[in-house]
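Remarks on the overall topology
Okay, here's what each chain looks like letter by letter:
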Amino acid sequence: MVWNVWLKRSIILVVTLFSILSIANSVMANAAQPSSLYWLKFDSPAQLQGVQVAQCQGKDCQNLELLKQSGTCDRTGCIKSLPKLDKRKPLNVDCADRLCLISLSPFYDARELDPSQIRLLAQLDNQVYTSKVFPLKLQERDREGKFTVKPIGKTLDLSPSPEQTVIQSSLFQNLALFFLVLTLGIELGIWAGYLRYQTAPSSEISLTIISLLIAHAFSFPIVWFSAPGLEPFASEGVRYGGLAWLVLSILYGIILSIHSIRTKRPFSKRIVIGSIAYWLGATAFAILLAGLLGYGSPVPTAAGLGKPLPTLLSELFVVGYEAWIVQRIRRDTLNFKTALSLSLIANTVSYLLGLAWEWFGSM
C-alpha cells in the first residue's frame, strides 16, 4: 500500500516538474539577444597583471583611447587615462589567471564605440605588449570566439583557438559519464570487498551497495556541478544551480538522519522510494533555478576560486557526505568511523586513478 502511494506521488511530481521545465525553456527561448563573448587564453609563463581594451583614434591608429581595463597596467606603454566606458556600458573585460573574457553587447552606441577599431594592451611581468587591430565582429550564428594570445617581441599575437570549449561546467563534458562509471565501479568494489572480508552476508552487502548508489546520486553532482560553480567565469546558472544542489543534498541528509532516528528499520522501501522522489525533485529544482538565473545569457565574471581548489574542496566534502548518508541508512550494521574510513579510501583511490587517466590522456 505504501509502495503504491509513493509511486503515484513520484509520477505526479515528475509530470509536474517536467511541465514547469517546459514552460521555463519556452520563456528562455525568447530571451534578449546575448552579448558576443571573446575568450583570450594567454600562452605565456609570464604572470598576467592587467589588460587594456583601447580604440584607435586618427588615421593609421596613431592614438589609442582607453575603453576598459582589467587588473593593473602601469608600466611604460600603458594608457594612463581613465577608461572611457563605465560598468554600465556595453563593452567589458574581465581576467582570471591567464584567461580573459571580452564581452560586447549588440546594443552599443556607434558614436562612442567602433568594434572594428579595437586594440589590446597587456602587462605581463611588468612588460607591456600591444596587439594589432582586433575587430570585435558580431555574428548572428556564432556569438562566442576563442583565441590564443602569445607575446612575440613587443606584440600580442592573437590567433583563433582550435579548442571547442574554453569554460564549461564539468557536468556537461563528455567525460562525465565515463568518470561516473569509473568512480562507481572503484568505490562499490572497495566497499563490497571490505564487507566480504568481514564475512558479511550477501544481503547486507546488497543493501550497502544500494545505500552507496543513493549517496552517489547526490554526491556526484556536487563534484561535477556544484564545484565548477565556484570557479572563475562560471555562469550564473551554474553558480546558483550548483549551490542549490549542495543545499538540497545537505537537507536530504538531515531529513534522512531524522527519519533514521525515529524508525526501527533504517533501510526500507520507503527510504528508497522517498530518496528517488526527493532526488528527482531536487534535480528539477536545480535545473529550473539554473535555467531561470541564466535567462538572457548574462556574461560570466572572473570571481571564483582558481583550480584545483574547488575540486579538492568538493572531494573532501563528499568523503564525509557519502559516509554520513550510507551510515544513516545502514546504522543498524555500520558505525560512522568505519563508513568514514571506507569513504576516504574509496574516494582517494578513484580520485588518483582519475588524475592518472587524465594525465596519460593529455600526453
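What this report covers is the structure whose coordinates are included nearby. All figures in this text were calculated on a predicted structure; none of them were measured in a lab.

1. As for the overall build of the protein
Counting its regular elements, the protein contains seven helices and nine strands. By element, 61% of the accessible surface of the protein is carried by carbon and sulfur atoms, the whole surface being about 20000 Å².

2. Digging into the packing of aromatic side chains
What the rule picks out here adds up to 12 aromatic pairs. Ring geometry for F218 against W245: centres 5.9 Å apart, planes inclined by 25°, an arrangement best described as stacked. A residue pair is termed long-range when its members are at least 10 positions apart, and F218 in helix α3 (residues 202–226) and W245 in helix α4 (residues 236–262) qualify at 27 residues. Side by side, F218 and W245 carry an identical accessibility label, which is buried. Ring plane angle 40° and centroid distance 5.5 Å describe the contact between Y252 and Y278, whose orientation is recorded as tilted. Remark: Y278 occurs in helix α5 (residues 269–293) and Y252 occurs in helix α4; sequence separation between them is 26 residues. A relative accessible area of 21% means that Y278 is categorised as partly exposed.

3. Description of the pairing of strand β5 (residues 99–104)
Most of β5 is tucked away: six of the six residues are buried. Looking at chain direction, strand β1 (residues 36–42) and β5 are connected through six bridges and run antiparallel. Residue pairing for β5: K41 is matched across the bridge by L99. The sheet contact formed by strand β4 (residues 91–96) and β5 spans six bridges and is antiparallel.

4. Remarks on the side chain of S275
You can see S275 is positioned in helix α5. Using a relative accessible area of 4% as the deciding quantity, one classes S275 as buried. S275 has contacts with I214, F218 and Y252, leaving out every residue within four places of it along the chain.

So, how was this worked out
- Residues numbered from 1 in each chain as written.
- Predicted model: local features only at pLDDT ≥ 70, side-chain atom pairs only at ≥ 80, totals over all residues.
- Heavy atoms only, no water.
- Helix = DSSP H or I, 4+ residues; strand = E, 2+ residues; numbered from the N terminus.
- Areas by Shrake-Rupley, 256 points an atom, 1.4 Å probe, with all protein chains shown as cover.
- Phe/Tyr/Trp six-rings, centres within 6.5 Å; stacked < 30°, edge-to-face > 60°.
- Buried < 20%, exposed > 50% of the residue type's maximum accessible area, 1.4 Å probe, protein only.
- Pairing = 2+ DSSP bridges.
- Contact = heavy atoms within 4.5 Å.

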